[in-house]
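Here are the chains, one letter per residue:
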Amino acid sequence: MPLTESETAVLEPDALEALVSALRARGYRVLGPMLRDGAIVYDDLSSAADLPIGWTDVQQPGRYRVERREDAARFGYAVGPHSWKRFLLPARLRVWRARRDGDGFEIDGEEAESAPLAFVGVRGCEISAIAIQDRVLLGGRHVDADYAARRDGAFVVAVDCFEPADTCFCVSMGGGPGITAGHDLALSEILDGEHRFLARAGSQRGAELLRALPTRRAATDDVAAAAAAVEAAAGRMTRTVEAGDLRDLLARNLEHPRWEQVAQRCLTCGNCTMVCPTCFCTNVEDVSDLTGMEVERVRIWESCFAVDHSFLHGGSVRQSGRSRYRQWLTHKFGTWHDQFDSSGCVGCGRCIAWCPVGIDVTEELAAIRESDGARG
Amino acid sequence: MRAVPELLGEARFFDGLRPETIELVAGCASNVHFDAGTTIFREGEHADFFYLLRHGSVALETYVPSRGAVMIETIEDGDVLGWSWLFPPYRWHFDARALTAVRATAFDGECLRGKCAADPALGYELVSRFAQTLIQRLQWTRLRLLDVYGHAGEH
Amino acid sequence: MPASTELDWPPAGAMVPRPFRVHRRRRETSDTWTLTLEPLAGDGIDPLPGQFTMLYAFGVGEIPVSVSGVTNGLLTHTVRSVGAVSGAICAAKAGAVLGVRGPFGTTWPLAEASGGDVVVVAGGVGLAPLRTAVQSLERTRTAYGEVTLLYGGRTPGDLLFRRELEQLRRRGKLDLDVTVDTAQHGWAGRVGVVPKLISTARFDPGSAVALVCGPEVMMRFAVAALLQRGVAPEHIHLSMERNMQCAVGHCGHCQLGPTLVCRDGPIYRYDELAPLLEVREL
């Protein structure tokens, strides 16, 4: 039956297989969540059976476990250690290759065929995160061509969150738990009564794909159930951040004693930056083969917690752990506003769960706010 | 050649002194000049004077065996040269050599010390001006100690 | 099936160096060389005073280097050999090919400075990023009041562009004062620090614009001396440095508080920079 963009439809759980196949048939490389090594990670989805059916995650500061659910929910978890940046901004990317040519060198323009990406299971916080990275890598004077190529044509199948983790605080940062924009298709998983999915198209191609799937018309109670689940999720946020004036708060508290306190705990391991969906720092490395005739420029993920990150003239500008933790937190919540006109945080809580010592950014921010102006 | 009090009145070093005070100080002063290359004073000699350079440039040096004369610093127009007259044993710590032709005002140390003893207010004015100069020179010397232009690897 | 997250894509424009051949190579001091480069193909680049390029030595790496000259399409860089990449660049002989990306960054505010006095304060290799500004000031001399160049180095042997400075002094359009931290035999010039030059230089603090470049410590002391003379903080401009890898605002390395040095610098206004310089390890 004909659908317009704003219309909704209902899918049965088994129809997700048709969704994956339809994306594949259209030439997409389908990526989505699956259970592996005790975590829900993002990787190539060969079928809907790969989804973490009946699994949830239980997250605390410094703790992540998966647990069995009592139902067969497909998306009954919050977020895992991966974010979609692993596909949009790959951890290791060859930027170009070159070879020696007499006195000079020649850079090889590589034309590589690669399938456009389709992301299945994108959270509201993740849509916000992708938008934030878009601003960094596409919104300035220079555009990152590789990111642009991957981003352009990436198909987003988003999912409302109905099972937030204790570490989540997306409501404070304004990016969830429901899906409002940035999607080609948005799915709301309804477990109340019959297990079904409310599907909403968010673009022409989303609508076109939805038309190709076995659906039935959405009824008012389908829409109501979906909305109720999102509202309930929003109400279950245990962590909050007073986000309105963080830029100024952090700018005037650069010598706060809290930095020294958190530095006593922080291992500067960089886990937080690796799991954070908006962290974008990279190293540009030039590597050559043993003959020195063939070289590559490679872009790899880097963390501001690495001592060498700020290396200059025989030493690093930020040598102490204190200064590096301060750099991360003040950048994420404060100076990101100055640089890119938005916050850098979407409230996904990954940094809290994956910090080996359980540092909670919401707690750190609250502590600074509580003794605003203190000097250490 | 202009009168000493008039020249002193224009000197930055004596900024803020009342005309009477300048007259008092001028009583111990005389205009001098040195040809380029002349030794103005030698390390160890009795420090009888201090000089206010009006024109020219002077090198402060010290003799280092097998290196010869090593230039520590140069003193130029408007600078004060010599503070060893202030405190015993009143002996110069470095050599001073005129790099160019030099015109200066020389102040007799013993004369000034006498006047300062008689007039502590004058003493305060002079010593505080010298203190400022010394502090400035010390800061600059410390900056040179930092060797800011050196290789990063050397630090 | 293991994830393949390394995909090959066509090279990104801003990240691909253009080949430039070393046209001439001149040794300035024991560890600094000036190279003049010409593009292998296409037009030269058009950097403004204060801007920098990313210079690439094949197979070794890339570093940010301020442009020290542009004449007839030839690009000049003065590089100090302090590491693997700078060492390779300094070792590049005439005819060798280096890669150039850029120009990037903000510029010395020469147009804004017109109508008043200009004080150019350089320390060590810091004269290189100021060289094109000094040339421009001399060329359009009548647009400014007093123009003074104050330059300090470690020893006479470490001073850059000595012959050019002599010629500059002879032409007499700018006031020039040079000093060294430590003298060597035969040096008949000043021995002392750059802030001392500032304290006695001839300029009107009320209208003067100061352009300052050198090691960060030296700039701090120089700025203190300028402020003491009464130069307004918003009229003092510094060239800052940080670790730079992409130069296009994407790698995150060059952050200096709320700014990115590759994009919001390297030339900063002192009144905006001051609060950032006060925080250690920022």
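Residues numbered from 1 in each chain as written. Chains lettered and ligands numbered in written order. Predicted model: local features only at pLDDT ≥ 70, side-chain atom pairs only at ≥ 80, totals over all residues.

## As for the overall build of chain A
- The secondary structure content of chain A amounts to 13 helices and 16 strands.
- Taking 2.2 N^0.38 as the reference for a compact globule, 376 residues should give roughly 21 Å; the C-alpha atoms of chain A span a radius of gyration of 22 Å, in line with that estimate.
- Relative to its 376 residues, chain A shows a buried fraction of 49%.
- Pairs at least 24 apart in sequence give 71% of the contacts found in chain A among residues at least 6 apart. (Helix = DSSP H or I, 4+ residues; strand = E, 2+ residues; numbered from the N terminus. Rg over C-alpha atoms; globule rule 2.2 N^0.38 Å. Buried ≥ 20, exposed ≤ 12 C-beta atoms within 10 Å, placed from the backbone. Contact = placed C-beta atoms within 7 Å.)

## With respect to the environment of B:G56
All names here are of chain B.
- Residue placement: G56 occurs in the loop between strand 3 (49-55) and strand 4 (58-64).
- Taking the C-beta count within 10 Å as the criterion, G56 has 18 such neighbours and is therefore assigned partly exposed.
- Between the C-alpha atoms of G56 and R129, which are 73 residues apart in sequence, the distance is 22 Å.
- The residues contacting G56, other than those within four sequence positions of it, are A98, T100, A101, V102 and R103.

## Observations regarding the packing of helix 9 (residues 258-265) of chain A against helix 11 (residues 321-340) of chain A
Residues and elements named next belong to chain A.
- For the pair helix 9 and helix 11, interaxial distance at closest approach is 8 Å and the crossing angle is 105°. Between helix 9 and helix 11, the angle falls in the class roughly perpendicular. For the pair helix 9 and helix 11, the contacting residues are W259, E260, V262 and A263 in the first and G321, R322, Y325 and R326 in the second.
- When its residues are assigned to classes, the contact of helix 9 with helix 11 shows four nonpolar, one polar and three charged. (Axes fitted to C-alpha atoms, helices over the stretch in contact; angles between N-to-C directions. Parallel < 35°, antiparallel > 145°, perpendicular 65-115°, else oblique. Nonpolar A, V, L, I, M, F, W, Y, C, P; charged D, E, K, R; others polar.)

## Notes on the pairing of strand 14 (residues 294-301) of chain A
Residue and element names in this part refer to chain A.
- In this sheet, strand 14 lies alongside strand 6 (residues 92-101) in antiparallel orientation, the contact comprising seven bridges. Counterpart to W96 in the pairing with strand 14 is R297.
- Note: strand 13 (residues 282-288) against strand 14, seven bridges, orientation antiparallel. Its bridge partner being in strand 14, D286 is matched across the sheet by R297.
- Taking the residues that link successive antiparallel strands as the turn, the strand 13-strand 14 hairpin has five residues, and the phi of G292 there is positive, at about 75°. (Pairing = 2+ DSSP bridges.)

## What to know about the environment of A:R74
All names here are of chain A.
- Relative to the helices and strands, R74 resides in the loop between strand 5 (63-68) and helix 2 (85-88).
- The sequence separation of R74 and G121 amounts to 47 residues, and the corresponding C-alpha distance is 9.3 Å.
- Those residues in contact with R74 that lie beyond four places of it in its chain are P13, L16, L51, I53 and E189.

## Side note on the interface of chain C and chain B
- The interface is formed by 21 residues belonging to chain C together with 16 residues belonging to chain B.
- Those elements that provide at least two residues to the side of chain C that touches chain B are strand 10 (190-191), helix 5 (194-200) and helix 6 (216-229) of chain C.
- Residue composition of the side of chain C that touches chain B, grouped by class: 11 nonpolar, five polar and five charged.

## Some remarks on the interface of chain C and chain A
- Of the residues lining the interface, 41 residues belong to chain C; the matching set on chain A comes to 54 residues.
- Of the residues belonging to the side of chain C that touches chain A, the class tally is 22 nonpolar, 13 polar and six charged.

## A short note on the domain arrangement of chain C
All names here are of chain C.
- In terms of domains, chain C is made up of domain 1 (13-104) and domain 2 (110-239).
- With centres defined by C-alpha atoms, the gap from domain 1 to domain 2 works out at 25 Å.
- Facing 13 residues of domain 1, the contacting portion of domain 2 comprises 12 residues.
- Of all the elements in the fold, those that place two or more residues in the side of domain 1 that touches domain 2 are strand 4 (61-71) and strand 5 (74-80).
- Looking at the side of domain 1 that touches domain 2, its residues break down into three nonpolar, eight polar and two charged. (Domains from an automatic or database assignment.)

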